[in-house]
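Residue-level structure breakdown
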Amino acid sequence: MSKHENDSSILPKMAMKEIPYAKQDAQNIVALVKDKGQITGYKLSDGKIVNKEEAIELARQGGILNVGISERKGNEYLKSIPDDLESNNLNSLPSIDINDSENHH
């Protein structure tokens, strides 16, 4: 791989606040949980649904694969670690609308 091929993935990674090292038993994010269009949580590959704060902490502990932690206006959020696959980007995942769920209070 040439230096220029590497540049396209290095810059987005540098913009991340943290890129935790994922443990061997780490989960994948398989769906986004949204409320009125805003991401409020994530569904993991083991079926568990976690809110944004829990997901960020779990990622810090190495419990979620292929994500880094970014920050905008003082708010932390998860972001896919850049690679050449569009299909594993968080924005490409299916969404679960919390308003259509039984968990809505």
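Calculation criteria
Residues numbered from 1 in each chain as written. Predicted model: local features only at pLDDT ≥ 70, side-chain atom pairs only at ≥ 80, totals over all residues. Heavy atoms only, no water. Helix = DSSP H or I, 4+ residues; strand = E, 2+ residues; numbered from the N terminus. Buried < 20%, exposed > 50% of the residue type's maximum accessible area, 1.4 Å probe, protein only. Contact = heavy atoms within 4.5 Å. Areas by Shrake-Rupley, 256 points an atom, 1.4 Å probe, with all protein chains shown as cover. Pairing = 2+ DSSP bridges. Axes fitted to C-alpha atoms, helices over the stretch in contact; angles between N-to-C directions. pLDDT = per-residue confidence, 0-100. Core = buried A, V, L, I, M, F, W, Y, C linked by side-chain atoms within 4.5 Å.

What to know about the overall build of the protein chain
- Each helix and strand counted, the protein chain has 2 helices and 6 strands in total.
- Starting at the N terminus and ending at the C terminus, the protein chain contains elements arranged as α-β-β-β-α-β-β-β.
- Looking at the protein chain as a whole, 29% of its 105 residues qualify as buried.
- Restricting the contact set of the protein chain to residue pairs at least 6 apart, pairs at least 24 apart contribute 48%.
- Summing over all exposed atoms, the protein chain offers an accessible surface of approximately 7300 Å²; the carbon and sulfur share of this is 48%.

Things to note about the sheet that holds strand 2 (residues 38–44)
- If you trace the 4 strands from one edge of the open sheet to the other, you get 3-2-1-6, paired in mixed fashion. Every interior strand has two partners, whereas the edge strands, strand 3 (49–51) and strand 6 (95–97), have only one. Here the average twist between neighbouring strands, direction ignored, is 35 degrees.
- As defined by bridge partners, strand 2 adjoins strand 3 across 3 bridges and the pair is classed as antiparallel. Within the sheet, the bridge partner assigned to Y42 lies in strand 3 and is V50.

Remarks on the confidence of the model for the protein chain
- Taken residue by residue, the protein chain gives an average pLDDT of 83. The fraction at 70 or more is 78%.
- Scored below 50 in pLDDT, residues 1–6 makes 1 contact in the model with residues more than four places away or belonging to other chains.

Some points on the pairing of strand 2
- The pairing of strand 1 (residues 29–35) with strand 2 spans 6 bridges and is antiparallel. Following the sheet pairing, K34 is matched in strand 2 by I39.
- Taking the residues between adjacent antiparallel strands as the criterion, strand 1 and strand 2 are bridged by 2 residues, where K36 takes a positive phi near 55 degrees.
- Counting the residues in the hairpin turn of strand 2 and strand 3 gives 4 residues, including G47, whose phi is positive at 95 degrees.

What about the nonpolar core?
- The biggest cluster of nonpolar side chains holds 14 residues, and the ones touching the most others in it are I29, Y42, A55, I64, V67, L78 and L90.
- Elements with a contribution of two residues or more to this core: strand 1, strand 2, helix 2 (52–60) and strand 4 (67–72).
- Examining the composition of this core, we find that 3 residues originate from one element, helix 2, more than from any other.
- Once you skip the residues sitting within four places of it in the chain, I29 turns out to touch Y42, K43, L44, I64, V67, L78, L90 and L93.

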